[in-house]
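# An overview of the molecular structure
Each chain, written out:
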Amino acid sequence: MRKLYISADIEGCAGVASQHALAADRFEWQDARRWMTGEVVAAAEAALAHGFDEVLLVDGHGNGHNLLPDVMPDGVRLLRSWPRALLQMEGIDTPGIEAAFFIGYHNGAMGDGGILAHTYSSAAFRDLRLNGVSASEGYLNAALAGEFGVPVVLVTGDAETAADAKAYAPGAVACIVKQSVGFRAAAALTPREACAAISTAAASALTTPRPRPFRLEGPYRLEIDFSTRVAAEMAAYLPFIEQTGPCTVSAEFATMAALMRFISFLILFNPNGVVGL
Ligand SMILES: [Zn+2]
């Protein structure tokens, strides 16, 4: 059975231009989840038309319930809700996955511009650095996929996201569905045009020679600039965490999977049992 992996976010989908599209209590979220679903379906259908039997699709944004299951083509396995140890890459360790698509992605918190640029949680993190490199979600997620031998072959989002992807997936096809005008303004393709562009880009990504996975040398040092001093102070209660600045901590991990589990813990842990995304 041939398997493709899709990690989906919403900020990089055509049409999405501000926080009003990002959360269930905002006026545009119901529309934005349809736009996101359309883009993901276009990508999944292209994979299924190019010899793949199964698409493992991960809803990687907000409440984890953005994507609409009813319109998914047969062969899609939709992974939803939280918590998950590997966040936007849950299931990437499933044996037999040949390649990954990143759909609706965005630039990192300290990246060079881009619509709604942040890294996992703008409330929690100012920056994440992996072995000294300021890392976007795409960079960290691709490094995790690389650990399991999976190359990223398609990245969609704005032009800044495509530029960022050169660092972690230089051989991937980039599909630009909008131009950021600023942090929360964008000029986008229509949803239908974006879906057509993604369908074409996905077909191209699957019919050209596979790029190599993005494998980094371990061990993996993660530095986190938190948004608050108290977060850094409390993270350093853990014996393997060193506080290196007022808002900064540092820790070393033997694998990318262990590093991602730690990020997941920081974002999602709540001792009262309520997950807060
Ligand atoms: Zn998101």
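Small disclaimer: the values here were computed from a predicted structure and weren't measured.

Reading guide: rules and limits
Counting restarts for each chain: residues are numbered from 1 in the order of the written sequence. Only residues with pLDDT of at least 70 get local features here, since the model is predicted, and only at 80 or more are side-chain atom pairs given and counted; chain-wide, interface and lining totals rely on the full set of residues. The side-chain quantities take in all heavy atoms of the structure and omit both hydrogens and water. Helix numbering and strand numbering both begin at the N terminus, where a helix is a DSSP run of H or I of at least 4 residues and a strand a DSSP run of E of at least 2. Relative accessible area decides the class of each residue, using a 1.4 Å probe on protein chains only: under 20% of the type maximum gives buried, over 50% gives exposed, and in between gives partly exposed. Residue contacts are counted whenever heavy atoms from the two residues lie within 4.5 Å of one another. Residues scored as positive are Lys and Arg, those scored as negative are Asp and Glu, and His as well as the terminal groups of each chain are ignored. Where a charge sits is defined by one atom per residue type, namely NZ (Lys), CZ (Arg), CG (Asp) or CD (Glu). DSSP calls a pair of strands paired once it identifies at least 2 bridges connecting them. Each reported salt bridge corresponds to a side-chain nitrogen of Lys or Arg within 4 Å of a carboxyl oxygen of Asp or Glu. In protein, a polar contact means a hydrogen-donor-capable atom and an acceptor-capable atom, both N or O and within 3.5 Å, with residues adjacent in sequence counting only if both atoms are side-chain atoms; elsewhere, any N or O pair within 3.5 Å suffices. For Na, K and Ca the donor cutoff is 3.2 Å, while for all other metals N, O and S atoms must lie within 2.8 Å; water is not among the atoms, so some sites may look incomplete. In these notes, a set of buried Ala, Val, Leu, Ile, Met, Phe, Trp, Tyr and Cys residues joined through side-chain atoms within 4.5 Å is what counts as a nonpolar core. To get an axis, fit a line to the C-alpha atoms, keeping to the stretch in contact for a helix; angles then go from 0 to 180 degrees between the N-to-C directions.

Let's shift gears to the overall build of the protein chain. Regarding its fold elements, the protein chain presents six helices and twelve strands. Projected onto its principal axes, the C-alpha positions of the protein chain cover 50 × 40 × 35 Å. Looking at the protein chain residue by residue over its 277 residues, the buried ones come to 52%. For the protein chain, restricting intrachain contacts to residue pairs at least 6 apart in sequence, the fraction spanning at least 24 positions comes to 68%. Charge-centre separation for the protein chain: the mean point of 20 positive side chains lies 1 Å from the mean point of 29 negative side chains.

What follows covers the pairing of strand S2 (residues 54–59). Burial analysis of S2 places six of its six residues in the buried class, which makes it a mostly covered element. Relative to S2, strand S1 (residues 3–8) runs parallel, the two being bridged by six bridges. Looking across to S2, one finds that Ser7 is bridged to Val58. As defined by bridge partners, S2 adjoins strand S3 (residues 76–79) across four bridges and the pair is classed as parallel. Within the sheet, the bridge partner assigned to Val55 lies in S3 and is Val76.

With that settled, consider the side chain of Lys3. For Lys3, the position within the fold is in strand S1. Despite its burial, Lys3 remains without a salt bridge, the nearest opposite charge being carried by Glu54 at 5.1 Å. Within the local environment of Lys3, its side chain forms a polar contact with the backbone oxygen of Pro95, the two atoms lying 3.1 Å apart. Excluding residues that lie within four positions of it along the chain, Lys3 makes contacts with Phe52, Glu54, Thr94, Pro95, Gly96, Ile97, Glu98 and Ala99.

Turning to the coordination of the zinc ion, a few remarks are in order. Looking at the metal site, the zinc ion is ligated by Asp9 (OD), Glu11 (OE), Glu11 (OE) and His61 (ND1), spaced 2.0 to 2.6 Å from it. Each donor residue of the zinc ion belongs to the same chain, with the gaps between them written as D-x1-E-x49-H. Note that Glu11 is positioned in the loop between S1 and helix H1 (29–49) and His61 in the loop between S2 and S3, a separation of 50 residues in sequence.

With that settled, consider the nonpolar core. Formed by 49 residues in total, the largest nonpolar core has its most connected members in Tyr120, Leu130, Leu140, Tyr168, Leu259 and Ile263. Of all the elements, helix H6 (residues 256–268) adds the most residues to this core, at eight residues.

Tracing the sequence through the fold places Leu48 in helix H1. Under the relative-accessibility criterion, Leu48 is labelled partly exposed at 23%. As a C-alpha pair, Leu48 and Leu238 span 190 residues in sequence and 45 Å in three-dimensional space. Setting aside chain neighbours within four positions, we find Leu48 in contact with Asp53, Glu54, Val55, Pro73 and Asp74.

Strand order in the open sheet formed by five strands is S6-S5-S10-S12-S11, and the pairing between neighbours is antiparallel. Edge positions in the sheet fall to strand S6 (133–134) and strand S11 (242–243), since each of these pairs with one other strand and no more. Summarising the sheet, S11 and strand S12 (residues 248–253) pair through two bridges and their orientation is antiparallel. When the bridges of S12 are listed, Gln243 appears paired with Val249. Running over the sheet, helix H2 (residues 137–147) touches strand S5 (125–130), S6 and strand S10 (220–226) and is turned about 35° from S5. Most of the contacts of H6 go to S10, to which it runs at about 20°, and overall it touches S5, S10 and S12.

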